[in-house]
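# Results of the structural survey
Chain by chain, the residues run as shown.
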Amino acid sequence: MLETHGIPAGLTVSLHRARIRLGMEDEATRWMQMLNDRHREAVATLDRERMAIEIVFRSSEPTGDHLTWITARGPGEDVGTSRHALDIDHLDYDRRVRLPGWTIGEVQLLLLPEPVLRAVTDWAGVPEGT
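Residues numbered from 1 in each chain as written. Predicted model: local features only at pLDDT ≥ 70, side-chain atom pairs only at ≥ 80, totals over all residues. Heavy atoms only, no water.

### Here's the deal with the environment of I104
Relative to the helices and strands, I104 resides in strand β6 (residues 103-105). Remark: the alpha-carbon pair of I104 and E114, spanning 10 residues in sequence, is separated by 27 Å. I104 has contacts with L15 and H16, leaving out every residue within four places of it along the chain. (Helix = DSSP H or I, 4+ residues; strand = E, 2+ residues; numbered from the N terminus. Contact = heavy atoms within 4.5 Å.)

Take a look at the structure:
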């Protein structure tokens, strides 16, 4: 596999960070609780996206609360094209709670032991040797 920063070609690793709208902190809590309450349903939506890893963090800072997504995915469909009820609810919360735009981190390094890397790339549908 051709790699950049340890990332096999065809695998997209990203960090996206966005600020929660002022006054929407409780709604952000409900959003994340909805995703946790519907965990099985949320995991079931990952296949069509070829999303191998999705992690959401929340941080409180002097400028306000932020949500940060870390993902690793292959060439799948975008969440915005989904007809899954959970994705529709998720995007509705996103429009209400998160300020538009993202701060995007630039990947510097990915370290995964070979069995984990193989599992991630297999799930993400990343062809070997690309």
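### Thoughts on the pairing of strand β5 (residues 64-73)
Along β5, nine of the 10 residues are buried, which leaves the element largely enclosed by surrounding structure. The pairing of strand β3 (residues 12-19) with β5 spans eight bridges and is classified as antiparallel. Considered in β5, the bridge of H16 is made with W69. Here strand β4 (residues 51-61) pairs with β5 via 10 bridges, running antiparallel. Bridge assignment links I55 to a residue of β5, and that residue is I70. Hairpin connection, β4 to β5: the antiparallel pair is bridged by two residues. (Buried < 20%, exposed > 50% of the residue type's maximum accessible area, 1.4 Å probe, protein only. Pairing = 2+ DSSP bridges.)

### Concerning the nonpolar core
Of all hydrophobic cores here, the largest spans 12 residues; its members are I20, A28, W31, M32, M34, L35, A42, L67, W69, L86, Y93 and V97. For this core, the secondary structure elements donating two or more residues are α1 (25-37), β5 and α4 (85-97). In terms of residue count, the dominant contributor to this core is α1 (five residues). Grouped together as the second largest cluster of nonpolar side chains are seven residues, L11, V120, A124 and V126 included. (Core = buried A, V, L, I, M, F, W, Y, C linked by side-chain atoms within 4.5 Å.)

### Comments concerning the pattern of salt bridges
Applying the stated criterion across every chain, the model contains 11 salt bridges. R30 serves as the salt-bridge partner of E27, at 2.7 Å between the closest nitrogen and oxygen. With E27 and R30 both in helix α1 and three residues apart, this pair spans about one turn of that helix. Between E27 and R96 there is a salt bridge, and its shortest N-O distance comes to 2.3 Å. With E27 in helix α1 and R96 in helix α4, the pair connects residues that are 69 residues apart, well separated along the chain. One salt-bridge network, held together by shared partners, links E27, R30, D92 and R96. (Salt bridge = Lys/Arg side-chain N within 4 Å of Asp/Glu carboxyl O.)

### Observations concerning the sheet that holds β3
If you walk across this open sheet you meet the four strands as β4-β5-β3-β6, and the pairing is antiparallel. Looking at strand neighbours, the two that pair on one side only are β4 and β6, the edges of this open sheet. Here the strands of the sheet are splayed against their neighbours by 20° on average, with no regard to which way each runs. Across the face of the sheet, α1 comes into contact with β4 and β5 while running at roughly 30° to β5. Running at roughly 105° to β4, helix α5 (residues 114-124) makes contact with β4 and β5 of the sheet. (Axes fitted to C-alpha atoms, helices over the stretch in contact; angles between N-to-C directions.)

Interpretation note: all reported values are geometric properties and have no functional meaning in isolation.
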